[in-house]
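# Structural overview
Okay, here's what each chain looks like letter by letter:
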Amino acid sequence: MRPDQPARDGYADRMADTPPGASLPPSPTAPALPPSGGAGPRMPLRRLGWRRALVLAGTVLFIAACALFMVFTLGENLGVEALLIGVVAAILPVPVLVGCFLWLDRYEPEPLKYLIFCFAWGAFVSTAASLTVNEFSAGLFEDWGLPTALTAVLVAPFIEELTKALGPILLLIFRRREISGITDALVYCGLSAIGFAMVENILYLGGYGYASGVERYGPATGTQQVIAIFIVRILLFGFAHPLFTSMTGVGLGIAARAADRWVRVLAPLAGLLLAMMLHGLWNLLPTLTQATGQTLIMLYGFIGVMVPVFFGMVGLAVWLRAWEGRLTERTLPDYVRAGWLTPPEVAALSSLGRRHAARVWAKRVAGDGGLKAMRGYQFAATRLALLRDGALRGLDQRPADRERTAREERELLEAIGAYRSFFVGRDPQVPVGIWDGQRYHLRFPDGTQRSVEAPDEPVVPIPVVLVPPPPPPPAGFGPPGWYGQRPPAPWPPGHH
């Protein structure tokens with residue numbers, strides 16, 4: 001794609017003012033192979049200090065204590081047999097639901113430890129707190145002569161949504177950089193809700209299903225009730241808890257990408273309030289249906305409210321997933337102008353299809369090491385785009401935050417260069433080339449060399465050797481410290 005030619009998607013007009021390279025680039029040569037026997041380069045790891053280790057240990061112990069409380073409480077109320085049946089039936093849909101949320105996060109997968117934290121938080125901490133508060137509230141309503149069914153409408157939606165969201169909220173407060181947008185927040189909140197729903201389903205399937213059926217008519221009836229509850233609660237309405245908590249996720253994602261302090265506070269509160277209201281409406285429908293005997297109430301509420309909200313949220317999540325891919329096209333051209341990336345590298349990141357094609361190519365030319373390096377390269381480039389976008393939005397308001405952003409940016413750029421060395425120049429079917437900011441200088445197998453203009457449409461991938469470090473970009477091009485001097489390429493031109 002020519003840097004000076006407008007494109008339909010506005011990609012090329014952001015590629016102007018690319019610092020030119022040498023007027024007569026030297027003949028390019030294939031880079032030396034990376035050291036054999038080692039895996040691809042790794043992203044920089046954060047050092048685990050004693051404070052972080054202490055917080056981590058305390059968090060694990062707290063969640064483990066809540067898990068033991070829930071196992072003891074459910075086992076005492078349901079019995080061992082009903083508990084085991086409820087666990088097996090409740091776990092069945094979990095991989096499918098988790099896979100749906102992880103599918104949304106393919107551009108920039110979240111750290112596994114935080115995904116496990118949110119799932120465990122919803123499964124044990126949120127359920128333990130909600131069960132305690134709901135039972136206490138039901139006792140109060142009974143003492144006051146009020147129907148205990150009011151607990152499901154007036155208490156459960158508030159305590160359950162608050163406790164489910166508290167885990168992702170803690171991540172936003174103490175690990176704000178791990179929530180880079182609405183997609184990340186949806187994933188974290190969704191996993192917390194899936195964990196909560198799993199444990200709640202154990203209570204319904206094992207208690208209200210199997211245990212009550214066995215107590216009345218025997219094991220056959222208990223099995224039938226488990227199947228019936230499984231169909232209704234999981235196959236038909238298994239999306240309910242993730243849908244409610246996703247409202248909070250939207251608010252948290254907006255807060256994570258907002259520089260205004262009021263937006264950071266009000267957006268999560270608005271999302272949490274909407275989640276509580278939607279949850280309360282969901283619990284109100286069967287309550288009214290049972291009280292009035294009018295089944296149409298449940299039908300109208302489900303079709304008229306819940307189904308449109310569900311499909312609206314699915315559409316939003318899919319759109320946000322595509323937006324995260326397009327973010328690289330909007331943000332990374334800054335690094336093309338600074339000489340760190342080339343236009344086809346940016347184009348190769350713009351969709352999952354192109355990313356898959358790049359991984360297939362990297363494996364073909366460099367084996368498993370090239371495949372791992374391409375995955376790491378794509379992850380680092382996406383992180384870099386999100387980091388740059390946050391800096392342009394003014395998220396780093398404190399000097400310490402700006403220094404940390406500059407440091408992370410430098411680490412990501414160095415990681416991108418290291419990953420690139422595993423697959424660039426390895427394809428015998430592609431001539432080795434140098435990108436000088438305006439055109440490609442290609443050397444063909446017969447020894448001839450010619451200059452080639454960038455194509456109108458990006459050819460993906462075009463692995464090239466970058467020219468020697470260009471001059472620093474003009475003042476005001478980016479936040480202070482974002483550019484700096486580019487380190488040498490993994491292989492300087494002419495190196496054998």
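A brief report on the enclosed structure follows. The shown structure was predicted, so the numbers you read here are calculated from the model rather than taken from an experiment. (Residues numbered from 1 in each chain as written. Predicted model: local features only at pLDDT ≥ 70, side-chain atom pairs only at ≥ 80, totals over all residues. Heavy atoms only, no water.)

## Remarks on empty space enclosed by the protein
A probe matching the size of a water molecule, rolled over the atoms, marks out where space remains unfilled. Tallied over the full model, the rule gives five cavities of 30 Å³ or more. There is about 220 Å³ of room inside the largest cavity. Forming the boundary of the largest cavity are 17 residues, of which R177, S180, R257, L386 and L387 lie nearest the centre. For the lining of the largest cavity, the secondary-structure elements that each account for two or more residues are helix 13 (352–393) and helix 14 (399–420). Counting residues per element, the lining of the largest cavity draws most heavily on helix 13, which supplies five residues. Classifying every residue of the lining of the largest cavity by side-chain character gives seven nonpolar, three polar and seven charged. (1 Å grid on protein atoms, 1.4 Å probe; cavity = no way out; pocket = protein on both sides within 12 Å on 5 of 7 lines; lining within 4 Å. Points joined across faces, edges and corners; volume = space filled by probe spheres on them. Helix = DSSP H or I, 4+ residues; strand = E, 2+ residues; numbered from the N terminus. Nonpolar A, V, L, I, M, F, W, Y, C, P; charged D, E, K, R; others polar.)

## Structural notes on the side chain of S246
Inspection of the secondary structure puts S246 in helix 8 (residues 240–256). Using a relative accessible area of 4% as the deciding quantity, one classes S246 as buried. Excluding residues within four positions of it along the chain, S246 makes contact with L186 and M313. (Buried < 20%, exposed > 50% of the residue type's maximum accessible area, 1.4 Å probe, protein only. Contact = heavy atoms within 4.5 Å.)

## Topic: helix 14
The terminal C-alpha atoms of helix 14 lie 32 Å apart, and with 22 residues this matches the ideal 32 Å at 1.5 Å per residue to within 8%. Within helix 14 the residues assigned to the buried category are D401, T405, E408, E409, L412, L413, A415, I416, G417, Y419 and R420. (Expected span 1.5 Å × (residues − 1).)

## Examining the packing of helix 8 against helix 10 (residues 295–331)
The contact between helix 8 and helix 10 brings their axes to 11 Å, and the two run at 45°. One element, helix 8, and the other, helix 10, form an angle in the oblique class. As helix 8 packs across helix 10, the resulting crossing turns out to be left-handed. For the pair formed by helix 8 and helix 10, the contact residues are L243, S246, M247 and V250 on the first element and M306, V309, F310, M313 and L316 on the second. The residue inventory of the contact of helix 8 with helix 10, partitioned by class, reads eight nonpolar, one polar and no charged. (Axes fitted to C-alpha atoms, helices over the stretch in contact; angles between N-to-C directions. Parallel < 35°, antiparallel > 145°, perpendicular 65-115°, else oblique. Left-handed = near helix turned anticlockwise from the far one by under 90°.)

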